[in-house]
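Fold and contact review
Residue strings, one per chain:
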Amino acid sequence: QVQLVESGGGLVQPGGSLRLSCAVSGSIFSINAMGWYRRAPGKERELVARIRWSGGNTNYADSVKGRFTISRDNAKNTVSLQMNSLKPEDTAVYYCNLQYPMGSTGIFSADYWGQGTQVTVSS
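A brief structural summary. (Residues numbered from 1 in each chain as written. Predicted model: local features only at pLDDT ≥ 70, side-chain atom pairs only at ≥ 80, totals over all residues. Heavy atoms only, no water.)

**A word on the pattern of salt bridges**
Following the criterion strictly, the structure yields four salt bridges and no others. Between Glu46 and Arg38 there is a salt bridge whose closest N-O contact spans 2.8 Å. One salt bridge connects Arg38 with Asp90, and the closest N-O pair in it is separated by 3.0 Å. Placement of the pair is Arg38 in strand β4 (residues 33-39) and Asp90 in the loop between β8 (78-83) and β9 (92-102), with a sequence separation of 52 residues. (Salt bridge = Lys/Arg side-chain N within 4 Å of Asp/Glu carboxyl O. Helix = DSSP H or I, 4+ residues; strand = E, 2+ residues; numbered from the N terminus.)

The following block contains the structure:
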């Protein structure tokens, strides 16, 4: 019922910028957090940025801190990732993530994932 649709990926030169967007299709009762993960060839998936729905607290990978900014629109259930000063090592498939609570205690949670959007940084 719930789908995450990513957009904004593409090819950009080093030093350039891209903005990724993730739209939530369908209805969801509650959201703990949304974020972006990426997977480069030969590497494990890693957290890029994450934002909590309550309060908007953010976390960033050290490698992107100061260059990337995550933002949310609670009313529309969307999240965006503004990527500036892109480097070749940012090349990866970027996945949108949504974490939601299971039950009323908040102890358990589950995730929805987008299908991924390719970001390639190359001259």
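**A closer look at the packing of aromatic side chains**
Per the counting criterion, the structure on display carries two aromatic pairs. Taking 5.1 Å as the distance between ring centres and 65° as the angle between the ring planes, the aromatic pair formed by Tyr37 and Trp113 counts as edge-to-face. Of the two residues, Tyr37 sits in strand β4 while Trp113 sits in strand β10 (residues 108-113), which places them 76 residues apart along the sequence. Overall, Tyr37 belongs to the buried group, its relative accessible area being 18%. Aromatic side chains Tyr100 and Tyr112 sit 4.8 Å apart centroid to centroid with 20° between the ring planes, which places their arrangement in the stacked category. Of this pair, Tyr100 sits in strand β9 while Tyr112 sits in strand β10, placing them twelve residues apart in sequence. Tyr100 sits in the buried class, given a relative accessible area of 18%. By relative accessible area, Tyr112 is classed as partly exposed at 25%. In this arrangement the basic side chain of Arg45 is found over the ring face of Tyr37, its NZ or CZ atom lying 5.8 Å from the centre. (Phe/Tyr/Trp six-rings, centres within 6.5 Å; stacked < 30°, edge-to-face > 60°. Buried < 20%, exposed > 50% of the residue type's maximum accessible area, 1.4 Å probe, protein only. Lys NZ or Arg CZ within 6 Å of the ring centre and 35° of its normal.)

**Quick look at the environment of Gly10**
With respect to the element layout, Gly10 can be found in strand β2 (residues 10-12). When the C-alpha positions of Gly10 and Ser104 are compared, they lie 40 Å apart, and in sequence the two are 94 residues distant. In this view, Gly10 contacts Leu18, Gln118, Val119 and Thr120; residues no more than four positions away in its chain are not counted. (Contact = heavy atoms within 4.5 Å.)

**Quick look at the state of the cysteines**
In this structure the tally under the stated criterion is one disulfide. Residue pairing for Cys22: its cysteine sulfur links by disulfide to Cys96, the two sulfurs lying 2.1 Å apart. Since a negative S-S torsion denotes a left-handed disulfide, the Cys22-Cys96 link at about -90° is left-handed. Residue Cys22 is located in strand β3 (residues 18-25), and its partner Cys96 is located in strand β9; the two are separated by 74 residues in the primary sequence. Each of the two residues, Cys22 as well as Cys96, counts as buried. (Disulfide = S-S within 2.5 Å.)

**Observations regarding the side chain of Asn32**
Inspection of the secondary structure assignment puts Asn32 in the loop between β3 and β4. Given a relative accessible area of 17%, Asn32 falls into the buried group. Dropping the residues within four chain positions of it, Asn32 is found in contact with Arg52, Trp53, Gln99, Tyr100, Pro101 and Ser109.

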